[in-house]
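# Coordinate analysis (summary)
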Amino acid sequence: MISFVGAGPGDVDLITIKGRRRLEKADVVIYAGSLVSEKHLDFCKKGCCLYNSASMTLEEVIEKMEEASKKGLHVVRLHTGDPTIYGAIREQMDLLEEKGLDYEIIPGVSSFTAACSSIKREFTLPEVSQTVILTRIEGRTGVPQKEDLEKLASHKASMALFLSIKEIDRVVEKLKKGYGREDVPVAVVYKATWEDEKIIKGTLLDIKDKVEKEGITKMAQILVGDFINGDYERSKLYDPEFSHEYRRGSK
Ligand code: SAH
């Protein structure tokens, strides 16, 4: 069996119980070395074969998976955060399907929710935003024109930007145009949940300088929106005046 497992954002205890069990049982682990904490590998059994996919091509990864699974071995493909977000797992799954090899996906805690927890905020606040946009600015990988950052920002929803910190100056320019203001709150979370996590808070006006001063150029979430600072309405769910299926209120 081949298991794609979400390792979570960094802290080894943020993997799911199911994911940890797969790791403990694995005969072969192929992990995304640049982003996954090596501490996860301490949970593997003795004799487990470990491969760092950072230095491998897609074909080499698939070859290792095929070889092992044909011998009836347990394979774990360990991805950072949740594998279904910027995990490049679709191309792996398609090749496995072509070869008739069975696989499963075990979700993980994505870095966007981990980063929001680190800053102790909630993305979805009544009357502020009930939508979270997960996106990135184009880099070596393009982004469809219809999803240009400026267009997405014009919705003024809460946003979490992956893979974009290196381009913080272009990000800020597009967000300013999209949101139509410069005082929109921004939090940059570097290595959320790792021991060397850093949080930088500011607005579209000053975040670029702050990020550059800290020298952050990778592994960061850029969280944007009024959910970070400002007013909101209380939720109806816990409002004493409102009744719902599980609780009778005063009205
Ligand atoms: N599947 C992963 C994302 C992989 S893409 C997930 O669900 O989180 C890699 C990008 O994710 C990085 O460029 C960075 O923007 C973000 N990222 C991954 N781990 C992070 C962490 N611990 N803290 C902040 N951002 C992180």
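Here the residue numbering is sequential within each chain, running from 1 through the sequence in written order. Given that this is a predicted model, residues contribute local features only at a pLDDT of at least 70 and side-chain atom pairs are listed and counted only at 80 or more, while totals for whole chains, interfaces and linings are drawn from all residues. The side-chain values count all of the structure's non-hydrogen atoms but skip hydrogen atoms and water molecules.

### A closer look at the sheet that holds strand β1 (residues 2–6)
Put simply, the rule reads: At least two DSSP bridges between two strands are needed for those strands to be called paired. Note on conventions: DSSP H or I runs of at least 4 residues are helices, E runs of at least 2 residues are strands, and numbering of each starts at the N terminus. The angle between two axes is taken between their N-to-C directions and runs from 0 to 180 degrees, where each axis is a line fitted to C-alpha atoms and a helix contributes only its stretch in contact. Note on definitions: a residue-residue contact is assigned when non-hydrogen atoms from the two residues lie within 4.5 Å.
The sheet built from five strands is open, its strands ordered β3-β2-β4-β1-β5 with parallel pairing. Because the sheet does not close on itself, it has two edges, and the strands there are β3 (49–52) and β5 (103–106). For this sheet, the mean inter-axis angle between neighbouring strands, taken without regard to orientation, is 20°. In the sheet, strand β2 (residues 28–31) pairs with β3 via four bridges, with the strands oriented parallel. When the bridges of β3 are listed, V29 appears paired with L50. Taken strand by strand, helix α2 (residues 58–70) contacts β1, β2, β3 and β4 (75–79), and its axis lies near 150° from that of β4.

### Comments concerning the packing of helix α6 (residues 168–179) against helix α7 (residues 207–214)
We count it as follows: Note on angle classes: values under 35 degrees are labelled roughly parallel, values over 145 roughly antiparallel, values of 65 to 115 roughly perpendicular, and the remainder oblique. Each helix crossing is assigned a hand: it is left-handed if the near helix lies turned anticlockwise from the far helix by less than a right angle, otherwise right-handed if that turn is clockwise. Residues are grouped as follows: Ala, Val, Leu, Ile, Met, Phe, Trp, Tyr, Cys and Pro are nonpolar; Asp, Glu, Lys and Arg are charged; all remaining types, including Gly, are polar.
The N-to-C vectors of α6 and α7 enclose an angle of 165°; their axes lie 10 Å apart at closest approach. Here α6 lies roughly antiparallel to α7, going by the angle between them. Remark: the crossing between α6 and α7 carries right-handed chirality. The residues of α7 that touch α6, namely those facing I168, D169 and V172, are I207, K208, V211 and E212. Grouping the amino acids of the contact of α6 with α7 by side-chain chemistry returns four nonpolar, no polar and three charged.

### Quick notes on the nonpolar core
Put simply, the rule reads: By nonpolar core we mean a set of buried residues, namely Ala, Val, Leu, Ile, Met, Phe, Trp, Tyr and Cys, connected to one another through side-chain atoms within 4.5 Å. For each residue, the accessible area found with a 1.4 Å probe, counting protein chains only, is set against the maximum for its type, and the residue is called buried under 20%, exposed over 50%, and partly exposed in between.
The biggest cluster of nonpolar side chains holds 26 residues, and the ones touching the most others in it are M159, I165, L175, V188, I207, I222 and V224. Elements that contribute at least two residues to this core include exactly α5 (149–153), β7 (158–162), α6, β8 (185–190), α7 and β10 (220–224). In terms of residue count, α6 provides more of this core than any other element does, five residues in total. Ignoring anything within four residues of it in the chain, the contact list for I222 reads M159, A160, L161, S164, I165, I168, V171, V186, A187 and V188.

### Let's talk about unusual backbone geometry
Positive phi outside glycine occurs at K156, with the angle close to 60°. Its place among the elements puts K156 in the loop between α5 and β7. Despite not being glycine, L163 shows a phi value in the positive range, around 50°. Take L163: it is sitting in the loop between β7 and α6. Judged by its relative accessible area of 52%, L163 is exposed.

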